[in-house]
Structures are given as C-alpha cells and as structure tokens.
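Residues per chain are reported as follows:
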Amino acid sequence: MSAADMKAADPPVSVPRAPEGEDPQLAKNVNRKPRKAGALLPYLLIAPAFVAIAAVFVWPFIKTVIMSFQDVGRRELWSGAAAPWVGFDQFTNILGDSEFWDVVWRTIIFMVVCVFVTMVGGLGLSMIMQRMSTWVRLLLTAALVAAWSMPLLVATSIFRWFADSDYGVINMVLTKYLGIDAQGHNWFLDPKQGFVIIGAVVVWGAIPFVSVTLYAALTQVPKELEEAASLDGAGTTGIFRYVTWPVIKPVFQMVATLSVLWDFNVFGQIFLMRGNKPEPEYSVLGIYSFEKAFESNSFSQGAAISLITVLLLSGVAVYYLRQLLKIGEVE
C-alpha cells in the first residue's frame with residue numbers, strides 16, 4: 001500500500017469549531033478559564049494552613065531574631081518602649097561564656113544517650129511485636145498508644161513517685177528484693193543519677209511512637225525474601241542485616257532524626273521533675289534559655305540562645321527533610 005492510500009484510509013479528524021456568530025478567540029479564552037481556576041484550587045486550599053503557620057511560627061521567629069540584636073528588659077517588654085540595638089553583643093557574650101558550653105555538651109550527651117536507648121528499645125520491641133499473636137499485639141499497641149498520649153505532667157508525677165526518697169518504688173525494690181540499702185536515697189543529689197531518672201521519662205514517652213512506626217515498616221519486608229535467605233543458610237543476624245534492614249532503614253533514619261530534634265529540646269521533663277526550679281547541674285539548652293530570659297530578665301539573651309539552638313539543629317533538620325524527600329521518591 002502506498003503512502004497516498006494509507007493517508008486516504010485514515011479516518012478524518014474532526015476539528016472543533018466555534019459556533020456561528022461567535023468569536024473563536026473568545027471561545028478559546030472561555031475554555032482556558034476553568035483550567036486556571038483548577039490550577040489555583042490547591043493553593044487556595046492550603047492557604048489557611050500557611051496563614052496559621054505564619055501566625056504561630058514565622059512571626060514569632062522574626063520577633064525573636066529582632067530581639068536577639070537588642071537589649072530587651074522587663075521595662076521594654078511590658079511598656080512597649082523601643083529597646084536599644086546592641087548588634088552581636090548578646091551572641092558574643094553567650095559564646096564567650098564557659099557555662100554556656102558546659103550546657104551545650106550536657107545537652108548533647110543527654111540527647112545521644114536518650115536517642116540511642118529509644119531507638120534500640122523501640123526496634124527491639126517492634127521486632128518482638130512481629131512474633132506476637134494478633135490479640136496480644138493489639139493489647140500492647142493499645143498500651144503503647146495510651147502511654148504516648150499520657151500528659152507530660154502525669155508522666156513526670158508518676159516517675160517522681162517512683163524515685164521518691166521516702167516512698168519511692170525504686171528504693172523499695174532495691175531494699176526489699178535486691179538487698180541494697182537504698183532507703184531514703186535521694187536520686188537527684190547526684191546529677192548523673194538524676195539524669196538517669198529524667199532520661200527514663202524521656203525514653204518512656206518516646207518508645208511508643210518509635211515502636212509502632214518501626215513495626216509498620218517491618219510489615220513491609222517481603223516474607224519471601226526472608227524465607228529465601230533462610231533457605232540459603234542465613235541466620236537471624238544475616239536475615240536482618242541483608243533483608244530486613246535495607247527495607248526499614250529509611251524509616252529508621254527518619255524516626256531517629258525526629259528523636260534527635262525532640263530530645264535536644266527537652267524542657268518539660270527536667271522542669272517538672274525538679275519542681276519548676278532546676279539546679280544549675282540540670283541545665284540543658286532549653287532550661288538555660290528559659291532561666292536567662294525569665295529569671296535574669298535578659299529576654300534578648302534568651303532569644304539569642306534560642307537562635308543558637310536553631311542553628312545547632314539546622315543540619316539535623318536538613319537531613320530529616322532529605323530523608324522525607326528520598327522516601328517520597330521511593331514511593
């Protein structure tokens with residue numbers, strides 16, 4: 001068949017025309033309008049969320065930045081008087097203070113220990129959940145969700161009772177069942193022991209989220225690959241390393257990054273466990289910023305410490321966003 005015959009065999013293509021008496025350009029513009037409205041609809045739907053975020057986060061952040069370059073005291077804060085500008089003096093004073101760096105290292109060490117225990121405990125518990133029967137797993141999940149949703153004030157009150165020097169459960173168990181004379185022992189006299197109790201509160205509140213999230217990731221591991229690896233002679237460690245871990249690694253990294261952000265900014269657990277008046281040995285960056293702002297009435301120093309904290313965590317936040325984008329690309 002020749003090219004002319006093939007062309008003749010093709011069905012005629014109908015081209016839509018404007019009705020008689022109607023301007024074709026006008027019809028073309030009318031057809032475009034719905035597409036423009038449809039393109040703007042997603043932005044209109046998320047506009048209220050952007051407004052709320054700007055009101056709650058963006059504007060206070062801008063005010064914090066401005067305040068950190070001023071010398072805002074109680075008079076300026078309550079009277080609305082213009083505060084004097086001091087440039088980078090607040091930052092140089094803070095960064096040149098040895099106490100600040102002690103607080104930074106204390107915060108980092110506390111965060112690293114809490115994140116490590118949380119992630120190891122959460123991963124172990126999620127793997128145990130895989131081997132539970134359905135009804136036992138449902139009961140455990142309900143208990144984890146209940147623990148995670150418990151108000152911080154209630155959780156800290158329970159742990160304060162556990163560690164009470166006179167009526168605490170920990171001292172009673174050590175004395176009565178383990179033969180260790182711990183009656184009347186105050187766990188908070190030594191900051192190391194005190195941080196163990198506070199860290200237990202942090203880990204106890206974080207493990208439910210980590211466990212449930214990692215269990216959801218474990219359910220995505222193909223059983224066929226695990227069975228194939230087992231038939232090939234791989235042990236439990238080998239199956240986890242070469243089959244399970246590559247699947248759950250993105251979720252593990254994302255949850256670990258969130259834990260770093262949360263535990264680096266711990267405030268309420270320490271503040272409440274120490275009766276709203278933490279000793280200097282218990283100061284982390286959140287407590288240190290609060291004390292500078294509201295106890296020393298140096299609101300600009302508190303704002304500057306908050307900005308330094310944001311800068312310290314900015315790298316972690318960028319890494320977290322990259323993990324989210326990677327997970328989105330995989331999906």
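Relevant structure appears above.
Since this is a predicted model, take the numbers as computed values, not measurements. (Residues numbered from 1 in each chain as written. Predicted model: local features only at pLDDT ≥ 70, side-chain atom pairs only at ≥ 80, totals over all residues. Heavy atoms only, no water.)

Novice: Just to check I follow, could you spell out the overall build of the chain for this structure?
Specialist: A tally of helices and strands in the chain yields 14 helices and zero strands. Across the 331 residues in the chain, those meeting the buried criterion constitute 33%. Restricting the contact set of the chain to residue pairs at least 6 apart, pairs at least 24 apart contribute 64%. When the accessible area of the chain is evaluated, it comes to approximately 21,100 Å², of which 67% is carbon and sulfur surface. (Helix = DSSP H or I, 4+ residues; strand = E, 2+ residues; numbered from the N terminus. Buried < 20%, exposed > 50% of the residue type's maximum accessible area, 1.4 Å probe, protein only. Contact = heavy atoms within 4.5 Å. Areas by Shrake-Rupley, 256 points an atom, 1.4 Å probe, with all protein chains shown as cover.)

Novice: Can you help me understand the side chain of Glu226 in this one?
Specialist: The topology assignment puts Glu226 in helix α10 (residues 223-231). Classification of Glu226 by relative accessible area gives buried; the value is 19%. Engagement of the side chain of Glu226 in a polar contact is seen with the side chain of Thr244, the distance being 3.4 Å. Those residues in contact with Glu226 that lie beyond four places of it in its chain are Val221, Ile239, Val243 and Thr244. (Polar contact = N/O pair within 3.5 Å; in protein donor to acceptor, adjacent residues only side chain to side chain.)

Novice: Any chance you could explain the packing of aromatic side chains here in plain terms?
Specialist: Any aromatic ring pair is given by two values, namely how distant the centres are and how the planes are angled relative to each other. Scanning the entire structure with this criterion turns up 20 aromatic pairs. Between Phe159 and Phe162 the ring centres are 5.6 Å apart and the planes differ by 75°, which places this aromatic pair in the edge-to-face class. Here Phe162 and Phe159 lie together in helix α7 (residues 152-162), a separation of three residues that amounts to about one turn. Take Phe159: its relative accessible area is 12%, and that puts it in the buried class. Among the aromatic residues, ring-to-ring pairing joins Phe267, Phe271, Phe290, Phe294 and Phe299 into one connected group. Positioned above the aromatic ring of Tyr282 is the side chain of Arg274, whose terminal nitrogen or guanidinium carbon lies 5.4 Å from the ring centre. (Phe/Tyr/Trp six-rings, centres within 6.5 Å; stacked < 30°, edge-to-face > 60°. Lys NZ or Arg CZ within 6 Å of the ring centre and 35° of its normal.)

Novice: What is the right way to look at the packing of helix α9 (residues 191-218) against helix α11 (residues 236-264) in this model?
Specialist: Interhelical geometry of α9 versus α11 gives an angle of 155° and a closest axis separation of 10 Å. Considered as vectors, α9 and α11 are oriented roughly antiparallel to each other. By crossing handedness, the relation of α9 to α11 is classed as right-handed. Side by side, α9 and α11 meet where Val202, Phe209, Val210, Thr213, Leu214, Ala217 and Leu218 of the first sit next to Thr244, Val247, Ile248, Val251, Phe252, Val255, Leu258, Ser259, Trp262 and Asp263 of the second. Taken together, the residues of the contact of α9 with α11 sort by class into 13 nonpolar, three polar and one charged. (Axes fitted to C-alpha atoms, helices over the stretch in contact; angles between N-to-C directions. Parallel < 35°, antiparallel > 145°, perpendicular 65-115°, else oblique. Left-handed = near helix turned anticlockwise from the far one by under 90°. Nonpolar A, V, L, I, M, F, W, Y, C, P; charged D, E, K, R; others polar.)

Novice: Please clarify how a nonpolar patch on the surface should be interpreted in this entry.
Specialist: Among the surface-exposed residues, Ile53, Val56, Phe57, Val58, Trp59, Phe61, Ile62, Ile66, Trp85 and Val310 lie close enough to one another that they form a single nonpolar patch of about 1,000 Å² accessible area. Considering each element in turn, the nonpolar patch owes the most residues, eight residues, to helix α2 (residues 24-68). Looking at Val58, the relative accessible area reads 41%, which means it is partly exposed. (Patch = residues over 30% accessible without salt bridge, like charges linked within 9 Å, V, L, I, M, F, W, Y side chains within 5 Å. Salt bridge = Lys/Arg side-chain N within 4 Å of Asp/Glu carboxyl O.)

Novice: Explanation requested: the nonpolar core in the structure shown.
Specialist: Nonpolar side chains in soluble globular proteins generally cluster together in the buried interior. Residues Phe100, Met119 and Leu285 are the most contacted members of the largest nonpolar core, which totals 36 residues. Taken together, the elements giving at least two residues each to this core come down to α4 (89-95), α5 (98-130), α9, α11, α13 (285-295) and α14 (299-330). Top element by residues in this core is α11. It accounts for twelve residues. Beyond its immediate sequence surroundings of up to four residues, Leu285 is in contact with Phe100, Val103, Val104, Thr107, Phe264, Ile305, Thr309 and Leu312. (Core = buried A, V, L, I, M, F, W, Y, C linked by side-chain atoms within 4.5 Å.)

Novice: Explain α13 here, please?
Specialist: Three or four residues apart is the spacing at which side chains of an α-helix point the same way, because the helix has 3.6 residues per turn. All of the buried residues along α13 are Leu285, Ile287, Tyr288, Ser289, Glu291, Lys292 and Ala293. A positive phi of about 55° marks Asn297, the residue just after α13.

Novice: So what exactly am I meant to see when it comes to the packing of α7 against α9 here?
Specialist: When two helices pack together, you describe them by how their axes are tilted relative to each other and by the distance separating the axes. Between α7 and α9, the shortest axis-to-axis distance is 10 Å and the interhelical angle comes to 140°. By the angle between their directions, the pair α7 and α9 is classed as oblique. As α7 packs across α9, the resulting crossing turns out to be right-handed. Residues Ala155, Thr156 and Phe159 of α7 touch α9, and the partners they reach there are Ile197, Ala200, Val201 and Trp204. Counted by class, the contact of α7 with α9 contains six nonpolar, one polar and no charged residues.

Novice: What should I look at first to understand the pattern of salt bridges in this one?
Specialist: For the coordinates displayed, the defined rule picks out two salt bridges. Residue Glu226 pairs with Lys223 through a salt bridge whose shortest N-O separation is 4.0 Å. With Glu226 and Lys223 both in helix α10, this residue pair falls three residues apart, about one helical turn. A salt bridge links Glu279 to Arg274, with the shortest nitrogen-to-oxygen separation between them at 2.8 Å. A relative accessible area of 18% means that Arg274 is categorised as buried.

By themselves, these are just geometric observations and shouldn't be taken as functional.
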